[in-house]
Amino acid sequence: MNSSTTVRTARRRTLRVAAAALTAAAALALTACSGSDAAGAKPASHSDTAKTAVESSGAGSSAGLPGSDAQASAGAKADAKANAKANAKANAKADAMGQQSGSAHAAIGGRAASPVRTQRLADGISKAEIYQLGDQHYRATIVARGSVLATMETKGHDDGLDANDMFVTLTLDGQVRSWMGGGHQGPGTFELAGGWTAKVTKVGELRYRAQIIGHDGVAATLETNQHDVGLDANGVSVVLSSGGVISAHE
């Protein structure tokens, strides 16, 4: 092989090497670009996907999450308004009931605080202040010269009093009757006003019993237990004292 042939052969090899180098460089460049694009276009993570979905939902519809919040807020306001109205109604009812109860107590207290009437008694000095405490429940305070002498009260039955030979009865309907004298000292059997007969017996210390007898037999029984008692027997007032004295007046 001559020298020119050798030179041409060397040039061809050089060109091949250069072309191969250029091809490799181009391939590397394409690979780098492809990798960069692949990295940029890699699948989004779960958080990115969720974020994109939320943003897409919010951007795609104005009635998305903000609308739901608005509806929930409106519902809460409606519930709060309804609850407030119900509470106000309940409070108003409770207040009304409380006022009604308070008025009832005030009425009862008012009747107890001041007498329904004052009545002069048979001795001309004493008076009875009559108070209504309830249905068929009365109290009579016997007052003389500014001092309280005694108190009578109906508790399911009439009451009576012997005040130094002045006899007083208080009935279930708040009526007061008084008279002077006419007493009989028991034990014994005595004729009373109105055609009644009283059979008085002693049953203990300061305890006497009186059977009020009419045409048909025993009509009522009075018994003292350390305090006087009385009753209204068909318009006839009867008092039995704790000392065994009985008196009647019609």
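Everything below is about the structure shown above.
Bear in mind that the values here come from a model prediction, so they are computed numbers and not experimental data.

Criteria and cut-off values
Residues numbered from 1 in each chain as written. Predicted model: local features only at pLDDT ≥ 70, side-chain atom pairs only at ≥ 80, totals over all residues. Heavy atoms only, no water. Helix = DSSP H or I, 4+ residues; strand = E, 2+ residues; numbered from the N terminus. Buried < 20%, exposed > 50% of the residue type's maximum accessible area, 1.4 Å probe, protein only. Contact = heavy atoms within 4.5 Å. Pairing = 2+ DSSP bridges. Salt bridge = Lys/Arg side-chain N within 4 Å of Asp/Glu carboxyl O. Phe/Tyr/Trp six-rings, centres within 6.5 Å; stacked < 30°, edge-to-face > 60°. Axes fitted to C-alpha atoms, helices over the stretch in contact; angles between N-to-C directions.

Concerning the overall build of the chain
Inference 1: Each helix and strand counted, the chain has 3 helices and 15 strands in total.
Inference 2: Buried residues in the chain amount to 26% of all 250 residues.
Inference 3: A fraction of 32% describes how many contacts in the chain between residues 6 or more apart in sequence connect residues 24 or more apart.

Overview of the sheet that holds strand β14 (residues 236-240)
Inference 1: The strand order β8-β15-β14-β13 describes an open sheet built from 4 strands, whose pairing is antiparallel. Two strands bound the open sheet, and with one partner strand each, they are β8 (184-185) and β13 (229-233).
Inference 2: Two elements, β13 and β14, share 5 bridges in a ladder whose sense is antiparallel. Bridged to V229 within β14 is L240.

Points about unusual backbone geometry
Inference 1: Note that the residue after G186, namely P187, is joined by a cis bond; omega there is 5 degrees.
Inference 2: Here P187 lies in the loop between β8 and β9 (188-191).
Inference 3: With a phi angle near 55 degrees, L206 is a residue other than glycine that sits in the positive phi range.
Inference 4: For L206, the location among the structural elements is in the loop between β10 (197-204) and β11 (207-214).
Inference 5: For N234, which is not glycine, the phi dihedral falls at a positive 55 degrees.

Topic: the pattern of salt bridges
Inference 1: Counting across every chain of the model gives 3 salt bridges.
Inference 2: The shortest N-O distance in the salt bridge between E153 and R139 comes to 3.3 Å. Placement of E153 in strand β4 (residues 147-153) and of R139 in strand β3 (residues 137-144) is noted, with a sequence separation of 14 residues between them.
Inference 3: We classify E153 as buried; its relative accessible area is 18%.
Inference 4: Close ionic contact of R209 with E223 constitutes a salt bridge, the shortest N to O distance being 2.9 Å. Within this pair, whereas R209 is found in strand β11, its partner E223 is found in strand β12 (residues 217-223), the two being separated by 14 residues in sequence.
Inference 5: On the accessibility criterion, R209 (30% relative accessible area) is partly exposed.
Inference 6: Bridged by salt links that share partners, the residues R207, R209 and E223 form one connected network.

A look at the environment of A144
Inference 1: Counting through the fold element by element, A144 comes out in strand β3.
Inference 2: Given a relative accessible area of 10%, A144 falls into the buried group.

As for the packing of aromatic side chains
Inference 1: Per the counting criterion, the structure on display carries 1 aromatic pair.
Inference 2: Measuring from centroid to centroid gives 5.9 Å for F167 and W179, while their planes differ by 25 degrees, and the two rings are stacked. In this pair, F167 sits in strand β6 (residues 166-170) while W179 sits in strand β7 (residues 176-180), placing the two residues 12 residues apart along the sequence. Comparing F167 with W179, the two get one shared label, buried.

Observations regarding the sheet that holds β11
Inference 1: Pairing within the open sheet is antiparallel, and its 4 strands lie in the order β9-β10-β11-β12. Looking at the sheet topology across the chains shown, the edges are occupied by β9 and β12. Geometrically, the sheet is characterised by an average inter-axis angle of 25 degrees between neighbouring strands, direction not taken into account.
Inference 2: With 7 bridges joining them, β10 and β11 adopt antiparallel strand pairing. Across the sheet, K199 pairs through a bridge with Q211, a residue of β11.

Observations regarding the side chain of S241
Inference 1: Considering the arrangement of structural elements, one finds S241 in the loop between β14 and β15 (245-249).
Inference 2: Beyond its immediate stretch of four places on either side in the chain, S241 contacts D162, T224 and D228.

Topic: the pairing of β7
Inference 1: Relative to β7, β6 runs antiparallel, the two being bridged by 5 bridges. Directly across from T169, in β7, lies its bridge partner R177.
Inference 2: Taking the residues between adjacent antiparallel strands as the criterion, β6 and β7 are bridged by 5 residues, where G174 takes a positive phi near 85 degrees.

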